[in-house]
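# Chains, contacts and geometry: an overview
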Number of protein chains: 2
Amino acid sequence: MITYPTPTAIASSPIQEQIQVAMQAVESAMHEAVNSEVQVLRDASRHILGAGGKRIRPRILMLTYLALGGTDMTYAAAPAAAVELMHTASVVHDDINDHGVLRRGRPSVNAIWGRTFALLTGDFLFTAVYQLMAPYRDLNKLLARAATALVEGETLQADAVKNNIFTREVYARIIALKTAALFQAAGEIGARLAHATEEQAEALSQYSYNVGLAFQIIDDILDITGDESKLGKTAGIDLQQGRGFGAVKDDKNGAAPDDPIESIKRKILKGNRLQEARDQAAALVDMAIAMLDVLPENEAKNELVQIARLVVDRDY
Amino acid sequence: MITYPTPTAIASSPIQEQIQVAMQAVESAMHEAVNSEVQVLRDASRHILGAGGKRIRPRILMLTYLALGGTDMTYAAAPAAAVELMHTASVVHDDINDHGVLRRGRPSVNAIWGRTFALLTGDFLFTAVYQLMAPYRDLNKLLARAATALVEGETLQADAVKNNIFTREVYARIIALKTAALFQAAGEIGARLAHATEEQAEALSQYSYNVGLAFQIIDDILDITGDESKLGKTAGIDLQQGRGFGAVKDDKNGAAPDDPIESIKRKILKGNRLQEARDQAAALVDMAIAMLDVLPENEAKNELVQIARLVVDRDY
């Protein structure tokens, strides 16, 4: 099974060393950005950042930067940190709306500090994004657009749940807005920081957008197949047996999760659609990888290929 | 009684006509910025914007711009709209945390659309701020810093309420962060948009900061004296009689509002302190007006003097 590299494993080649340096710079930038004098904001922000996460968005940004010859890790790390903090802000606010008590294996900010401080911590992370990006002039336009898209996507999702209009078309629109737009900004910002040509910037924008769509589709599949374990079955077995998720749908009353979003994801991705969704994610990743042809051959490009493949070939 | 100019009253002199044009441009910029394709975000944003408000922050920005010879209203209107939307975002989130059901005489976003959509509408307004400001390069630094300060101030306030550490020093720090910082950004952004000298920009920054402090002090006094009417007394009579707010403090159990923030403001501003606070606000306004000496003599400068005076001489 392919897993994301861990710090102890990655210092094995020059590119892995570069990535390690890059991602360490991102962590430093994030921690510095949330170093508020207001203790609860600092503590709550550090709590959610300290819980880790895949850091896939800043990793893509740093890799598109490296792949185009960028060398100033500190310069690129601040926008990469901003992208991750934008995602983190939305996660903190999500946990308020969804009453989430666990996040990344830790109690959510909401669970520890309560709703008021979780709301303010999310707001604070938004403003930290803004502060980090402020010196980056026109690149602000890219992240601002993605930030609006993210909130619009979250809102469409909440609206779809409330009004029970969760069609596949609505689902496609939601994931484009709430996930793919921020991935897209990450890839394009990394490219533009490294003075990409318009063609390269556009291609890396498309690469990241498609990786983002695939990432969210797989995330939703994992959410659902993860729930299956509650039914005493493992997802892997169901999938190996070709039953996909369809086997579960009729057990709805017996074992459906009480989260309406989960239940709706089940409807969207039921039956053959689970395999269709996997196929779609795989196709998106293939398209993404094809976009990388604009890049010179180098190790960072290979890493971008690898990340895209990992997105569909992961179990967490 | 002096009141804020109304559209029908202000077209009486060239500067009033300019201000009317300027503030209309701000309204247009705000409405365009919230014109999301996601209906609930558009509706909720328009609802809160349509409820009006004093628009004092964008007015200060437009006036510092005009006072320094700025002429492109559309160019200055977008940052002014961003400043007002930043304030509006915080208001929408405030109403979630305080369970506010009325805002500017209308039901709050929270009351109409519920907590989830109010949270997302506030987030959306933040991102609209970001989008409006993105083309304004280094001015983003000013608004980003103010945005962080605003959230820090709101957090300190919530923390002070929770832990009952609402001293005058804490109060001073809260109003500096949650209110004065955004006023300050407004004045300085207007100045810099008009290519102010460093001395002018700094002076207008200080002007706006002090006006912001005075504005918040008076706002808190009005909140409290407004409550007095519930006790069957009018604030004006109490103040004329020199009793200030001290007369109320012993009636606490009988008629105290259930909002902990209101109750705490009462503690801070009780007794002689009400008059002290009024005096302090008046002194801040005097200092603010003195800062305007850096400006050439013109009608916009006179309007800035007038706004500062209105801040302490108002009843709403």
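It should be noted that the structure appears before, not after, this text.
Description of the structure in this document.

What counts and what doesn't
Residues numbered from 1 in each chain as written. Chains lettered and ligands numbered in written order. Predicted model: local features only at pLDDT ≥ 70, side-chain atom pairs only at ≥ 80, totals over all residues. Heavy atoms only, no water. Helix = DSSP H or I, 4+ residues; strand = E, 2+ residues; numbered from the N terminus. Buried < 20%, exposed > 50% of the residue type's maximum accessible area, 1.4 Å probe, protein only. Contact = heavy atoms within 4.5 Å. Areas by Shrake-Rupley, 256 points an atom, 1.4 Å probe, with all protein chains shown as cover. Buried area = accessible area lost by both parts, 1.4 Å probe. Salt bridge = Lys/Arg side-chain N within 4 Å of Asp/Glu carboxyl O. Nonpolar A, V, L, I, M, F, W, Y, C, P; charged D, E, K, R; others polar. Core = buried A, V, L, I, M, F, W, Y, C linked by side-chain atoms within 4.5 Å. Polar contact = N/O pair within 3.5 Å; in protein donor to acceptor, adjacent residues only side chain to side chain.

### Description of the overall build of chain A
Across its full length, chain A carries 13 helices and two strands. Among the 316 residues that make up chain A, the fraction classed as buried is 58%. In chain A, the proportion of contacts linking residues at least 24 apart, taken out of those at least 6 apart, comes to 74%. Summed over all atoms, the accessible surface of chain A reaches about 12,800 Å², with 49% contributed by carbon and sulfur.

### Topic: the interface of chain B and chain A
With 43 residues of chain B in contact, the opposing surface of chain A contributes 43 residues. Carbon and sulfur atoms supply 64% of the area that chain B and chain A bury against each other, a total of about 4,000 Å² over both sides. On the surface where chain B and chain A come into contact, there are four salt bridges. A salt bridge links R137(A) to D138(B); its shortest N-O distance comes to 3.2 Å. The element contributing the most residues to the side of chain B that touches chain A is helix α7 (residues 139-163) of chain B, with 15 residues. The class makeup of the residues in the side of chain B that touches chain A is 21 nonpolar, 10 polar and 12 charged.

### Comments concerning the nonpolar core
In terms of nonpolar packing, the biggest core is built from 216 residues, with M62(A), L143(A), M62(B) and L143(B) touching the most fellow members. For M62(A), the contacting residues outside a window of four places in its chain are A22(A), M23(A), V26(A), M73(A), A76(A), A77(A) and A80(A).

### Comments concerning the side chain of Q200(B)
All names here are of chain B. Tracing the chain through its elements places Q200 in helix α9 (residues 198-228). Reaching out from Q200, the side chain makes a polar contact with the backbone oxygen of V294 at a distance of 3.4 Å. Q200 has contacts with L68 and V294, leaving out every residue within four places of it along the chain.

### Some thoughts on unusual backbone geometry
Within the chain, R55(A) stands out as a residue other than glycine whose phi angle is a positive 60°. Within the secondary structure layout, R55(A) lies in the loop between α2 (39-50) and α3 (56-67). The exposure class of R55(A) is buried, given its relative accessible area of 7%. Located in the positive-phi region is R104(B), a residue other than glycine, with phi close to 55°. The residue R104(B) is located in the loop between β1 (102-103) and β2 (106-107) in this model. Judged by its relative accessible area of 25%, R104(B) falls in the partly exposed class.

### Considerations on the side chain of S108(A)
Residue and element names in this part refer to chain A. Relative to the helices and strands, S108 resides in the loop between β2 (106-107) and α5 (109-133). Separated by 2.7 Å, the side chain of S108 and the backbone oxygen of G100 make a polar contact. Dropping the residues within four chain positions of it, S108 is found in contact with D95, G100, V101, L102 and R103.

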